[in-house]
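Residue-level structural notes
For reference, the chains in residue letters:
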Amino acid sequence: MSYVDEVYERVVAQNPAQPEFHQAVKEVLESLRVVIEANEEEYKREALLERLTTPERIIMFRVPWVDDKGQVQVQNGYRVQFNSAIGPYKGGLRFHPSVNLGIIKFLGFEQIFKNSLTGLPIGGGKGGSDFDPKGKSDREIMAFCQSFMTELCKHIGADTDVPAGDIGVGGREIGYMYGQYKRIRNLYEGVLTGKGLTYGGSLARTEATGYGLVYITDALLRDHGMSMEGKTVVVSGAGNVATYAIQKAQQLGAKVVSCSDSTGWIYDKDGIDVALLKEIKEVKRARLSEYAAARSSAEYHEKKNGEHGVWNIKCDIALPCATQNELNLEDAKALVANGCKVVCEGANMPTTMDATEYLQKNGILFICGKASNAGGVATSALEMSQNSERLSWTFEEVDAKLKGIMENIYKNISEAAKKYGVEGNYVAGANIAGFQKVAEAMKAQGIV
Ligand code: NDP
Ligand code: 2IT
């Protein structure tokens, strides 16, 4: 059995009931096959892949908090410090009822390669909780965030591990967690990113993941003699990533006709009204049905099991920006049948493996999340730099750096794919390019 297969079997055996983690590992190992086989003896002796697929540290803790009725609630808290070869652990915190250790491990594993691709000195980590922020009062959110940070603060720091937002964690939650960290540790430092602008946050961090996704999509299109101008774009999700992807795509002349949340989706033939979307999702924290109620060009569709949702809409470009495995083989077939040309992932692992293969085999230009959504964490690293030098850069400066980073990621993943004989396979290119820097740093640092 090849070393790659041996390691994959070991991961499955040692991490039972963690299908998303297995999926993320499989995708990476499959594309690394060519690189690993060229150095198989050396990597095997050093157990490089076993170390790469085993987190350096997993922290699991109890998070008790009191709800508005006076009832004590108990949630699970996690932080997976996956790999620190190229920098302090860096990655978001997810608050969603579906969170479990396997989900956090898949996200932490992906983050290693993503962070490497940014070219910035950040290692891979991820954390979160099965806490459901939906329908909670502001006081309940604060109580939960404070309790979560009371434990997490023992394990993080500006030079150790720097969390940020993800699903269910935005500016409000980061603010409450930052306040509690400072209170307990008595340190005013860049321990979290995605902070508010009055206390060390970076301009353009809020927009960064969505903008970055569109910058790399644009670079891909231009490299293939196309542009965003006049294209019809389908987006899923209605959160941080989706909102700013829609905004940037519109600024570049595309028409974005959809968005979605966990209960339904919108088709807006005139193009999504971003101001209205923000008002509903960011201010009122309401459901998308309110969008259609306020806009006559829009239809709202309740989510039904087995339905294609937004992937059935005719488009040139699809940007999945909600959650993992939201685009399956049936969806991929619908996209291809409708003439879609480009799929770039805003979410982490939104496309199932068989759907990815189908898209690639049918000539769709496909960029995986660890490359195409890296603009968020890259801008987080820019926030860390600004915190370290106690300065703030302008929006234009940060945005220009973000654009440069995304264009550079596109160049690196295309070149890596070409070099290893899989030109145009940006999944392989991303995994190979991300891996190489981490592997070199791990080798240089000895057996740790
Ligand atoms: P938000 O919480 O801001 O938004 C998430 C959106 O996805 C919401 O519209 C939500 O619907 C929907 N959603 C979440 N879970 C599900 C589900 N199980 N089924 C259907 N819809 C769902 O999160 P973000 O926009 O920050 O994150 C979206 C994706 O992008 C995630 O995969 C995240 O890991 C990834 N990402 C985020 C980055 C960031 O900087 N924030 C950086 C890189 C990647 P509802 O409103 O109903 O909950
Ligand atoms: O998945 C991701 O890259 C994020 N949620 C952002 C992480 C970060 O540290 O900004």
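No experiment lies behind these values; they were computed from the predicted model shown. (Residues numbered from 1 in each chain as written. Chains lettered and ligands numbered in written order. Predicted model: local features only at pLDDT ≥ 70, side-chain atom pairs only at ≥ 80, totals over all residues. Heavy atoms only, no water.)

**Some details on the site of ligand 2**
- Taken together, the neighbourhood of ligand 2 is formed by 14 residues, with K90, K114, D166, R205 and S380 sitting nearest.
- One of the side-chain N or O atoms of K126 is found 3.0 Å from an oxygen atom in ligand 2.
- Between a nitrogen atom of ligand 2 and a side-chain N or O atom of D166, the distance comes to 2.9 Å.
- Protein contact buries 94% of the 300 Å² of open area that ligand 2 shows by itself.
- Going through the elements one at a time, β3 (89-95), α5 (101-117) and α15 (374-388) are the ones with two or more residues in the shell around ligand 2. (Near = heavy atom within 4 Å. Polar contact = N/O pair within 3.5 Å; in protein donor to acceptor, adjacent residues only side chain to side chain. Areas by Shrake-Rupley, 256 points an atom, 1.4 Å probe, with all protein chains shown as cover. Helix = DSSP H or I, 4+ residues; strand = E, 2+ residues; numbered from the N terminus.)

**Regarding empty space enclosed by the protein**
- The final tally for this structure, using the stated rule, is one cavity of 30 Å³ or more.
- In this structure, the largest cavity encloses a volume near 60 Å³.
- For the largest cavity, the full set of lining residues is E27, E110, E345, M349, T351, T356, F366, C368, G369, K370 and V427. (1 Å grid on protein atoms, 1.4 Å probe; cavity = no way out; pocket = protein on both sides within 12 Å on 5 of 7 lines; lining within 4 Å. Points joined across faces, edges and corners; volume = space filled by probe spheres on them.)

**Structural notes on the pattern of salt bridges**
- Summed over the entire model, instances satisfying the criterion amount to 24 salt bridges.
- Notably, a salt bridge pairs E30 with R33, separated by 3.0 Å at the nearest N-O pair. Taken together, the positions of E30 and R33, both in helix α2 (residues 19-38) and three residues apart, correspond to about one turn of that helix.
- Measuring nitrogen to oxygen at the nearest pair gives 3.8 Å for the salt bridge that ties D273 to R295. Here D273 is found in the loop between β9 (264-268) and α10 (274-283), whereas its partner R295 is found in the loop between α11 (289-294) and β10 (298-302), with 22 residues between them in sequence.
- The partly exposed category is assigned to D273, whose relative accessible area is 27%.
- One salt-bridge network, held together by shared partners, links D5, K26, E30 and R33. (Salt bridge = Lys/Arg side-chain N within 4 Å of Asp/Glu carboxyl O. Buried < 20%, exposed > 50% of the residue type's maximum accessible area, 1.4 Å probe, protein only.)

**As for the packing of aromatic side chains**
- Tallying each qualifying case throughout the model produces 18 aromatic pairs.
- Centroid distance Y178 to Y188: 5.6 Å. Interplanar angle 75°. Geometry classified as edge-to-face. With Y178 in helix α7 (residues 171-185) and Y188 in the loop between α7 and α8 (205-223), the pair connects residues that are 10 residues apart, well separated along the chain.
- For Y178, a relative accessible area of 3% puts it in the buried group. (Phe/Tyr/Trp six-rings, centres within 6.5 Å; stacked < 30°, edge-to-face > 60°.)

**What about the packing of α8 against helix α9 (residues 240-251)?**
- Two elements in contact, α8 and α9, have axes whose closest approach is 7 Å; the angle formed by their N-to-C orientations is 50°. Judged by the angle between their axes, α8 and α9 are oblique. Pair α8 / α9 crosses with right-handed handedness. Every residue of α9 that contacts α8 at T206, E207, T209, G210, Y211, L213, V214 and Y215 is listed here: N240, V241, Y244, A245, Q247, K248, A249 and Q251.
- Split into classes, the residues belonging to the contact of α8 with α9 amount to eight nonpolar, six polar and two charged. (Axes fitted to C-alpha atoms, helices over the stretch in contact; angles between N-to-C directions. Parallel < 35°, antiparallel > 145°, perpendicular 65-115°, else oblique. Left-handed = near helix turned anticlockwise from the far one by under 90°. Contact = heavy atoms within 4.5 Å. Nonpolar A, V, L, I, M, F, W, Y, C, P; charged D, E, K, R; others polar.)

**Some details on the environment of M384**
- Within the element layout of this structure, M384 appears in helix α15.
- Taking the C-alpha atoms as reference points, M384 and E189, separated by 195 residues in sequence, lie 9.3 Å from one another.
- The residues contacting M384, other than those within four sequence positions of it, are P88, K90, I122, A158, V162 and T193.

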